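Understanding the architecture of this molecule
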Amino acid sequence: MAAAGAAATDLEVVRGKRAALFFAAVAIVLGLPLWWKTTETYRAPLPYSQISGLNALQLRLMVPVTVVFTRDSVPLDDQEKLPFTVVHEREIPLKYKMKIKCRFQKAYRRALDHEEEALSLGSVQEAETMLAEPQEQAEGSLTVYVISEHSPLLPQDMMSYIGPKRTAVMRGIMHREAFNIIGRRIIQVAQAMSLTEDVLAAALADHLPEDKWSSDKRRPLKSSLGYEITFSLLNPDPKSHDVHWDIEGAVRRYVQPFLNALSAAGNFSVDSQILYYAMLGVNPRFDPASSSYYLASHSLPHVINPVESRLGSSAASLYPVLNFLLYVPELAHSPLYIQDKDGAPVATNAFHSPRWGGIMVYNVDPKAYNASKLPVRVEVDMVRVMEVFLAQLRLLFGIAQPQLPPKCLFSGPKSEGLMTWELDRLLWARSVENLATATTTLTSLAQLLGKISNIVIKDDVASETTCAPLRRISTRLTSSGSRFGTWIQALSSLKSRSLQPRSGCPSTGGTWTQMLGVLSATSSRLPSSA
Amino acid sequence: MAANSFRPRVLTALAGLLALSFGSLADSRIEDQAEQFFRSGHTNNWAVLVCTSRFWFNYRHVANTLSVYRSVKRLGIPDSHIVLMLADDMACNARNPKPATVFSHKNMELNVYGDDVEVDYRSYEVTVENFLRVLTGRVPPGTPRSKRLLSDDRSNILIYMTGHGGNGFLKFQDSEEITNIELADAFEQMWQKRRYNELLFIIDTCQGASMYERFYSPNIMALASSQVGEDSLSHQPDPAIGVHLMDRYTFYVLEFLEEINPASQTNMNDLFQVCPKSLCVSTPGHRTDLFQRDPKNVLITDFFGSVRKVEITTETISLQPDLGIMESSNKEDQIDEERMEPLKYAEQLPVAQIIHQRLLALPCPWCTPQHDCLIRED
């Protein structure tokens, strides 16, 4: 009896030990991984390899150029070789980690009948209007017409002409090496009308190592989804001047067409105001030689600040604000001129500040004082004023005078104030800038997340980055038809989104699928390259 | 002999003159380039001024911040470019014997509260989270423009912080702290997003130098009122108000700034000399190793004022005046003027209307006016 009892307790003990062992085994084998999995920080997967590949991207900006030869422009045996295509590729030397190459794809062809007819008209302007009718040119492309060496279309001493609508006219040459010579000249003209190093350097200004010796004029407005433009009339002396300006009409007639032409660069909203008793912060000096008052150029920077607090323009929207001020000087300080560094009065009587706006001083015609008593009614000549303001707006956007090849006839901008290829240049610069900013943001985000190993990465952040197939975009940066505009908008909205991560990926039907569709369509048309 | 040696002397004199003239030409170009080299590349200025302490006995911190605010406004930065964060309202505090004022000098000489103070973050809105959101720009959508720091890559930002601090931290509102590492990371995020061109960081707390030890982003210059292990002391109490009015370091900085006007050429080295140990008891410190330019070339107005770069407009575009439309618009104006009726003011107090509306708004339709309403319709 006692032996059976002892055997039973032994069995109990063994069973107990086995149970404990099994328990521990289950706890370790199942429990430990379960605990590990449930207590790790949630890090949504990001495409790190793709993001690090962004640094080594190559950007190829393609400019399609169509070169049209008329009958007598080049020797006959050269004409037999038409049509063919020549590609000229050049690397833009910037100290930026992304290599940028500029590729001019020149398609040479013979002129069609209506083009021959148009180019034999009397003047270049007539020829242009006739040529522009049939087709609308793709954005970013250029067309160069080569006419015969002695054609009367251009003035005698001019070798080429650059028009406002992506066309240029150039004299041909009867020479053995005609195509080479003409090819070089075409590159010169094309560079004046499209991309140059300056444009891209200004666009990438904050990503390049600062070159202190460069001009600090490279400060155009940064790309943004919209801009607010405010026109202000400053009347410090309402007792003497009763100033009227037809700002609504002027905006409708002159500013709105310009902004419509620039609409691809952002949404613009325009407003205006009149400020009374608003003084400049600087006392003008009297110049006895011309019996007028002047503002020296070194005192101009101090003019803006006292006025700015009264402008009150920036309450409503988040877009950058551009202020254009028209100052009618008081009777005691009339007439008032602005002097440049050498002491000569400035013709426009205006100055501007990068990324802020411009100020113009409008002197009242002294004849108005003779007849009537004070206050004198002043009607502002809006044409003169808008000429200056629109020129300042162009400078603020970074649209500068191009570097023309020698002996080139340059037609000024059309009535809108903006040439089509200038807009193309602006859009190129904007797209490169947006691409650079998006790349920087993504790479620094990846770096940051790599450094902080236990930060939570939520799903919306991950979805934002995977929705950005930047690599595919940047290998084929080209323009194709009207989609260019929407594509720029899409890139700029990517830039603004990637600066402020918010939830939601642009879903089907949005700009991304459109863009990808465009890209796949164009990539099938292009010759395959890296 | 004399004649022979005369000619070479003339020649050398001529050569020397030529060399001098060439040298002066080259000099002026070099000077031009040098001037550009030393100038800052900013186009706008922002200021973020933070006072982190609440309660009446921390009056001096609010006075500090408001004094810097006043100087910065006087030197030209507009309110739209200043983010002012005050953790408590001293001017309207129940214990303030002079309501609507905040003084910074003994004998109530200078009221820094003024008439046009614009406080963007007030009272309990001054938290570490809000401060970091302002700096990095990740504010919730719907935040008004005055509460955002809309700087870009060409902005010079002045950041001034004051309150109670310790070795490596700054206390916000008695309930939380910001550490120097968080601050350094916030500045790095600003740098990555290109939200500043150059940054000047001034801190007036105890052991303030510990707050800038950890910065690692470029283009930051930092000043502090005391070194690690030292306390920043307050300046003087006012017997009428009953509290200390200002801190010493900011008091002397303010005296220094009062002499600056927007055109002055005073540089940062002078600011570093402000408040030596004899006056301040603590040793102010500064850090310039992350800054690219030499401090003696940095103007005070680069950060405290807002002197803009201007360029003369030399070109215009030509527009065609549209004469036909101008004439017709003139005619429209005249017609409009004729058609308008004479204007009159609206009724300022339409008594009859008010009574009528009160009657209509009675709670129960069977109530008669005499019983339930205070107004009788006459």
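Nothing here was measured: the structure is a model prediction, and the numbers come from that model. Along each chain, numbering runs from 1 in the same order as the chain's sequence is written. All chains are assigned letters beginning with A, and all ligands numbers beginning with 1, in the order in which they are written. Per-residue local features of the predicted model are confined to residues with pLDDT of at least 70, and side-chain atom pairs are confined, for both listing and counting, to 80 or more; whole-chain, interface and lining totals are unaffected and use all residues. Only hydrogens and water are set aside when side-chain values are computed; all heavy atoms of the structure are taken into account.

On to the state of the cysteines. All names here are of chain B. The rule for a disulfide is simple: a pair of cysteine sulfur atoms within 2.5 Å. Within this structure, the stated rule accounts for one disulfide over all chains. Residue Cys275 pairs covalently with Cys280 via a disulfide, S to S 1.5 Å. Where Cys275 bonds to Cys280 through sulfur, the torsion about that S-S bond is close to 90°, and the disulfide is right-handed. This pair shows no difference in class: Cys275 is buried, exactly as Cys280 is. Sulfur of Cys51: no disulfide; nearest cysteine sulfur belongs to Cys206 and is 14 Å away. Burial classes: relative accessible area under 20% of the type maximum marks a residue as buried, over 50% as exposed, and values in between as partly exposed (1.4 Å probe, protein chains only).

Next up on the list: the environment of B:Glu258. All names here are of chain B. With respect to the helices, strands and loops of the structure, Glu258 is situated in helix α5 (residues 248-258). Put simply, Glu258 and Leu75 are 183 residues apart on the chain and 9.5 Å apart in space, counted from C-alpha to C-alpha. What makes two residues a contact is simply this: any of their non-hydrogen atoms within 4.5 Å. In contact with Glu258, not counting residues within four places along its chain, are Arg70, Ser71 and Arg74. Segments assigned H or I by DSSP are reported as helices when at least four residues long, segments assigned E as strands when at least two residues long, and all are numbered from the N terminus.

Time to look at the pattern of salt bridges. Every case where a carboxyl oxygen of Asp or Glu lies within 4 Å of a side-chain nitrogen of Lys or Arg is listed as a salt bridge. This model, assessed by the stated rule, comprises 23 salt bridges over all chains. With a closest N to O distance of 3.5 Å, A:Arg60 and A:Glu89 form a salt bridge. With a gap of 29 residues between them, A:Arg60 in strand β1 (residues 58-69) and A:Glu89 in strand β2 (residues 84-91) connect regions that are remote in the sequence. For the salt bridge of A:Arg355 with B:Asp152, the shortest nitrogen-to-oxygen distance reads 3.4 Å. Placement of A:Arg355 in the loop between β14 (350-353) and β15 (357-361) and of B:Asp152 in the loop between α3 (128-136) and β4 (155-162) is noted, with the two residues assigned to different chains. Of the two residues, A:Arg355 and B:Asp152, neither departs from the other in class, the shared state being buried. Connected via shared salt-bridge partners are A:Lys222, A:Arg355, A:Glu433, B:Asp152 and B:Asp153.

Residue and element names in this part refer to chain B. UniProt positions are given in the numbering used here, feature names are shortened, and annotations may be inferred rather than shown by experiment. In the numbering adopted here, UniProt assigns the feature "active site" (unreviewed entry) to His164 and Cys206. A maximum C-alpha distance of 6.4 Å among these annotated residues, which run over 43 residues, shows that they cluster at one spot. Among the secondary structure elements, His164 is positioned in the loop between β4 and β5 (165-166). With sequence-adjacent residues up to four places away left out, His164 is seen in contact with Thr52, Ser53, Asn58, Arg60, His61, Leu170, Lys171 and Thr205. Here Asn58 takes part through its side chain, which lies 2.9 Å from a polar atom of the side chain of His164. Residue position: Cys206 is located in the loop between β8 (198-204) and β9 (220-224). Looking at Cys206, the relative accessible area reads 19%, which means it is buried. Apart from the residues lying within four places of it in its own chain, the contact partners of Cys206 are Gly165, Gly166, Ser226, Glu230, Asp231 and Ser232. Counted as a polar contact is a pair of N or O atoms within 3.5 Å, where, for protein atoms, one must be capable of donating a hydrogen and the other of accepting one, and residues adjacent in sequence contribute only when both atoms are in side chains.

Axes are the key here: two packed helices are described by the angle between their axes and the distance separating the axes. Residue and element names in this part refer to chain A. An axis is simply a line fitted to the C-alpha atoms; with a helix, the fit covers only the stretch in contact. Between two such axes, the angle follows the N-to-C directions and lies from 0 to 180 degrees. The geometry of helix α8 (residues 247-261) relative to helix α11 (residues 382-396) is characterised by a closest axis approach of 11 Å and an angle of 35° between their N-to-C directions. α8 and α11 meet at a crossing whose hand is right-handed. Taking contact as the criterion, the partners of Ile247, Ala250, Tyr254, Val255, Phe258 and Leu259 in α8 are, on α11, Met382, Val383, Met386, Leu390, Leu393 and Arg394. In the scheme used here, Gly and all other residues not listed as nonpolar or charged are polar, with Ala, Val, Leu, Ile, Met, Phe, Trp, Tyr, Cys and Pro taken as nonpolar and Asp, Glu, Lys and Arg as charged. Taken together, the residues of the contact of α8 with α11 break down into 11 nonpolar, no polar and one charged. Crossings are assigned a handedness: left-handed for a near helix turned anticlockwise from the far helix by less than a right angle, right-handed for a clockwise turn.

With that settled, consider the domain arrangement of chain A. Note that the domain bounds reflect an automated or database-derived domain assignment. By domain assignment, chain A separates into domain 1 (48-54 + 421-525), domain 2 (58-202) and domain 3 (226-396). Centre-to-centre, using C-alpha coordinates, domain 2 of chain A lies 41 Å away from domain 3 of chain A.

Residue and element names in this part refer to chain A. Along the chain, Ser334 connects to Pro335 via a cis peptide bond; the corresponding omega equals -20°. Here Pro335 shows up in the loop between β12 (321-327) and β13 (336-338). Of note in this structure, Arg355 is not a glycine but carries a positive phi near 65°. For Arg355, a relative accessible area of 15% puts it in the buried group.

Moving on, we come to helix α6 (residues 178-193) of chain A. By this rule, a helix spans an expected 1.5 Å times one less than how many residues it contains. Between the first and last C-alpha of α6(A) there are 22 Å, a value that for 16 residues agrees with the 22 Å anticipated at 1.5 Å per step. A:Ala178, A:Phe179, A:Ile181, A:Ile182, A:Gly183, A:Ile186, A:Ile187, A:Val189, A:Ala190, A:Ala192 and A:Met193 are the residues of α6(A) that are buried.

Among the secondary structure elements, A:Val251 is positioned in helix α8. Apart from residues no more than four positions distant in its own chain, A:Val251 is found in contact with A:Phe231, A:Gln256, A:Pro257 and A:Val270.

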